[in-house]
Amino acid sequence: MKLGRKEREELDPALPARPRLADDVQVHPPAHEGAPWIIQRGPGRYIRVGADMARLGRALDGDRDHAELMADLGPKWTPQALGYALGELKRMRLLDDGRRTRANAPWVKYVPPLTLQVTVVRPARFLAWCEPLVSALATRFWGAVAAVLALAGLVSLAVQGGDLVRTLGSPLPLGVYAGVAAGTYLVMVLHELGHGAVLSHYGGRPSRMGFMLLYLLPAFFCDVSDGWRLARKEQRVRVALAGVATQFTAAGAAAVAALPSGGSAAGQGLLVFSVVTYLGGLLNLLPFVKLDGYLALMSHLDISDLRKRAMVDARRFVSKLLFGGTYPVELPGLRWAVPYGIACLVFPVYLVGGLALSLWGDLLRGLGVIGSLAVMVVVLLLVARLAYGFLMRVHEARVAGASVWRIGAVTAALAAGVTALLTLVHVPYEISGGYHYRQGRIELVVPGGHEEIRRGAAVRLLRNGVVFREQVGSAAVASGSASSASVPVSVLLPIRTERDLPATVSAYPLTVREAPAEPSGAARVEAGSPPLGEWLVATYLSGAW
């Protein structure tokens, strides 16, 4: 069979004359009746396809040209259909392009937009060795034991509410922080092993395991993409939730173990570890980023790339609303795809710009210039990401047929709105630091210098707690002139040390209104109500210089 001139013109000339699949691409038949065909690229990407596309993939051996492929595949494969299918395979990088392919995933992998994964081990062999133990634990009895322990931990935290509040509202010894950190990272490892163990139990193969920066926050990962080959979606849901189940069990055990401690350092560590582990498990259940909750939701709905496609629909909805144009829909059968996609777009911004910076901002700025530089880099990356996303929406709108005039008018209106927001909206501004008795008088101490600290500014004196900071006194700045001083780092950070670790700070004399009972602690200085733009610069950028 030969193609005519018109048929040859309908095929993309950039397509290979005798196409073949790349070396790292495999076509997997349905695992059971009614299951889809799977095309696998490398160790970690699985693509669901129909039977016709799977037949085409199996036929791409590099020996047949386009005419021979259409003859073998049947009359429904016209030049247009073949050209489109081959174009899709090429776009997904499933065709051989002559480049060398990897047998395994790279050890360091960047996953857009803000995730960096570093593979440490390939756990398949170890988890296969652990299979007898996993099979013994994968029973209803042990599942009930884990559930009871997780619930008992919550009851235990409620019973120890007073001790918990005191612990989270006080500085803690370095040993407690070290123990909590070690326990947290151990549970994170067990969390990921839980995913891999359940996948291996169901016959899948976890490809790699390591640590990552997820939206600039440290975490661990276990690649369980092979779960898409499992026979039932219920199995994939269990794989996704196995890690959180492990976390909740460990958190419950720690809370119960803290009951007889009586407020000792060990008990404080167990309480903090339990709270951190419970909160980490709840965070993992949120379905708006690629965490366990999202994987469980995607598996339950049996929709691959759910989040990515929902975000595409959300971006196109917003682009159509602002700029006009005609856009295709990725998830037409999912009524809540657009609001879900908007939540998926907004939540990472909140995760980095709100949660991460609010939790760690004061701690990082307490470390001086290095910590302030880290905060500035995070903020600038966030702004760059938002600007890039807007430019991509403008480009998509032009492709969709939106008029240049409307795009320009909307862009100008948005710019005017942002400018008005930054210049006209005023927010209260506080500078974080500490207070300390030195040479018989109490002083306000802050890392670096702050022009915003002026004579007469009100100062709240606080207990330097891990989470809660109770006010223990009040004062006013006696002079806007600062002197250089060296104070223990425990003045700026919520830690207790037997040996003082010095930190160089700027010290301002205070006029005490209500004297604190404690010799040192945290402090917050009222620095007026500047415009939002000035507040953002002063809060997140100025400390770096």
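Residues numbered from 1 in each chain as written. Predicted model: local features only at pLDDT ≥ 70, side-chain atom pairs only at ≥ 80, totals over all residues. Heavy atoms only, no water.

In terms of helices and strands, the protein carries 17 helices and 16 strands. Considering only residue pairs separated by 6 or more positions, the protein has 71% of its internal contacts joining residues 24 or more positions apart. About 28700 Å² of surface is accessible on the protein, with carbon and sulfur atoms providing 63% of the total. (Helix = DSSP H or I, 4+ residues; strand = E, 2+ residues; numbered from the N terminus. Contact = heavy atoms within 4.5 Å. Areas by Shrake-Rupley, 256 points an atom, 1.4 Å probe, with all protein chains shown as cover.)

The geometry of helix α8 (residues 161-168) relative to helix α11 (residues 265-285) is characterised by a closest axis approach of 10 Å and an angle of 90° between their N-to-C directions. The angle between α8 and α11 falls in the class roughly perpendicular. Each of D163, L164, T167 and L168 in α8 lies in contact with α11, whose residues at this interface are Q268, L271, V272 and V275. Class assignment of the residues belonging to the contact of α8 with α11 gives a composition of five nonpolar, two polar and one charged. (Axes fitted to C-alpha atoms, helices over the stretch in contact; angles between N-to-C directions. Parallel < 35°, antiparallel > 145°, perpendicular 65-115°, else oblique. Nonpolar A, V, L, I, M, F, W, Y, C, P; charged D, E, K, R; others polar.)

Moving on, we come to the pattern of salt bridges. In the structure shown here, the tally under the stated rule is 19 salt bridges. E430 is the partner of R460 in a salt bridge, and the nearest nitrogen-oxygen pair spans 3.2 Å. Here R460, found in strand β11 (residues 458-462), pairs with E430, found in strand β9 (residues 430-438); they are 30 residues apart in sequence, far enough to count as distant. Between E470 and R463 there is a salt bridge, with its nearest N and O atoms 2.6 Å apart. Linked through salt bridges whose partners overlap, the residues forming this network are R309, R316, E330, R393 and E396. (Salt bridge = Lys/Arg side-chain N within 4 Å of Asp/Glu carboxyl O.)

What follows is about a nonpolar patch on the surface. Among the surface-exposed residues, W107, V108, Y110, L116 and L213 lie close enough to one another that they form a single nonpolar patch of about 500 Å² accessible area. Positionally, V108 belongs in strand β4 (residues 108-111). Looking at V108, the relative accessible area reads 52%, which means it is exposed. (Patch = residues over 30% accessible without salt bridge, like charges linked within 9 Å, V, L, I, M, F, W, Y side chains within 5 Å. Buried < 20%, exposed > 50% of the residue type's maximum accessible area, 1.4 Å probe, protein only.)

A separate point is the packing of aromatic side chains. Under the defined criterion, the tally for this structure stands at eight aromatic pairs. Measuring from ring centre to ring centre gives 5.1 Å for F141 and W142, while their planes differ by 75°; the resulting arrangement is edge-to-face. The exposure class of W142 is partly exposed, given its relative accessible area of 42%. On the basis of an interplanar angle of 45° and a centroid distance of 6.1 Å, the ring pair of F288 and Y340 is categorised as tilted. (Phe/Tyr/Trp six-rings, centres within 6.5 Å; stacked < 30°, edge-to-face > 60°.)

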